[in-house]
Amino acid sequence: QVQLVESGGGLVQAGGSLRLSCAASGRIFSINAMGWYRQAPGKQREVVATMSGGDSTTYADSVKGRFTISGDNAKGTVYLQMNNLQPEDTAVYYCNADLRTYSFSPPRGYWGQGTQVTVSS
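As the structure is a computational prediction, the values presented were derived from the model and not from experiment.

Asks: If you had to explain the sheet that holds strand 8 (residues 77-82) to someone new, which residues and values would you point to?
Replies: Pairing within the open sheet is antiparallel, and its 4 strands lie in the order 1-3-8-7. In this open sheet, the two edge strands, each paired with only one partner strand, are strand 1 (2-7) and strand 7 (67-72). The mean angle between the axes of side-by-side strands here comes to 15°, regardless of whether they run parallel or antiparallel. Pairing analysis gives 6 bridges linking strand 7 to strand 8, with the strands arranged antiparallel.

Asks: Now, about the environment of G26: what can you tell me, with residues and values included?
Replies: Note that G26 resides in strand 3 (residues 18-26). Under the relative-accessibility criterion, G26 is labelled exposed at 55%. The spacing of G26 and L4 is 22 residues in sequence and 9.0 Å in space, taken between C-alpha atoms.

Asks: Kindly report on the nonpolar core, identifying the contributing residues and their values.
Replies: Counting 30 residues, the largest nonpolar core has W36, L80, M82 and Y93 as the members making the most contacts within it. Of all the secondary-structure elements, those providing two or more residues to this core are strand 1, strand 3, strand 4 (30-39), strand 5 (46-52), strand 7, strand 8, strand 9 (91-100) and strand 11 (115-120). Of all the elements, strand 9 adds the most residues to this core, at 5 residues. Those residues within four positions of L80 in sequence are excluded, and the remaining contacts are L18, R19, L20, W36, V48, A49, F67, T68, I69 and Y93.

Asks: Residues and numbers for the side chain of T115, please.
Replies: Along the chain, T115 falls in strand 11. Among the polar contacts made by the side chain of T115, one reaches the main-chain amide nitrogen of G9 at a distance of 3.3 Å. In this structure, T115 is in contact with E6, G9, L20, A91, V92 and Y93, ignoring residues within four places of it in sequence.

Asks: Tell me what's going on with the pattern of salt bridges, and back it up with residues and numbers.
Replies: Applying the stated criterion to the full structure yields 4 salt bridges. Its salt-bridge partner being E46, residue R38 comes within 2.9 Å of it at the nearest N-O pair.

Asks: Break down the packing of aromatic side chains for me, with residues and values.
Replies: The relation between two aromatic rings is expressed through the spacing of the ring centres and the mutual angle of the planes. What the rule picks out here adds up to 3 aromatic pairs. Relative to W111, the ring of Y94 lies with its centre 6.4 Å away and its plane at 90°, an arrangement referred to as edge-to-face. Here W111 lies in strand 10 (residues 108-111) and Y94 lies in strand 9, a separation of 17 residues in the sequence. On the accessibility criterion, Y94 (14% relative accessible area) is buried. Judged by its relative accessible area of 39%, W111 is partly exposed. Consider the rings of Y102 and F104, whose centres lie 5.4 Å apart with planes at 10°: the pair is stacked. Of the aromatic side chains, those joined through ring pairs into one cluster are Y37, Y94 and W111. The aromatic ring of Y94 is capped on one face by R45, whose charged end is 3.8 Å from the ring centroid.

Conventions used here
- Residues numbered from 1 in each chain as written.
- Predicted model: local features only at pLDDT ≥ 70, side-chain atom pairs only at ≥ 80, totals over all residues.
- Heavy atoms only, no water.
- Pairing = 2+ DSSP bridges.
- Helix = DSSP H or I, 4+ residues; strand = E, 2+ residues; numbered from the N terminus.
- Axes fitted to C-alpha atoms, helices over the stretch in contact; angles between N-to-C directions.
- Buried < 20%, exposed > 50% of the residue type's maximum accessible area, 1.4 Å probe, protein only.
- Core = buried A, V, L, I, M, F, W, Y, C linked by side-chain atoms within 4.5 Å.
- Contact = heavy atoms within 4.5 Å.
- Polar contact = N/O pair within 3.5 Å; in protein donor to acceptor, adjacent residues only side chain to side chain.
- Salt bridge = Lys/Arg side-chain N within 4 Å of Asp/Glu carboxyl O.
- Phe/Tyr/Trp six-rings, centres within 6.5 Å; stacked < 30°, edge-to-face > 60°.
- Lys NZ or Arg CZ within 6 Å of the ring centre and 35° of its normal.

Shown next, in the form of structure tokens:
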């Protein structure tokens with residue numbers, strides 16, 4: 001009923017840039033927040049950046065100054081501009097949306113399918 005479609009992953013050399021995109025669609029009443037998470041092999045999924053109401057944003061310390069999250073929660077779109085990529089950024093990146101499907105429904109999280117980002121030395 002709710003779908004999050006991601007794009008923009010790929011293979012880049014260290015120091016390069018990528019821009020990830022995510023669009024939410026389906027039965028959506030409102031979106032409270034959207035964000036990006038990543039998971040490297042053998043590691044736990046971690047938050048990269050989030051965007052909530054009032055254009056409030058958060059970033060993991062490891063990406064501050066290099067990554068920028070943007071978008072429009074009302075439209076269900078979110079982007080992640082990644083600059084000066086490093087090998088340690090290699091991971092599967094997932095889009096997440098915290099939303100209500102109806103006004104009376106409790107909010108819950110939905111996930112995209114994930115997109116691979118690989119950074120070579």
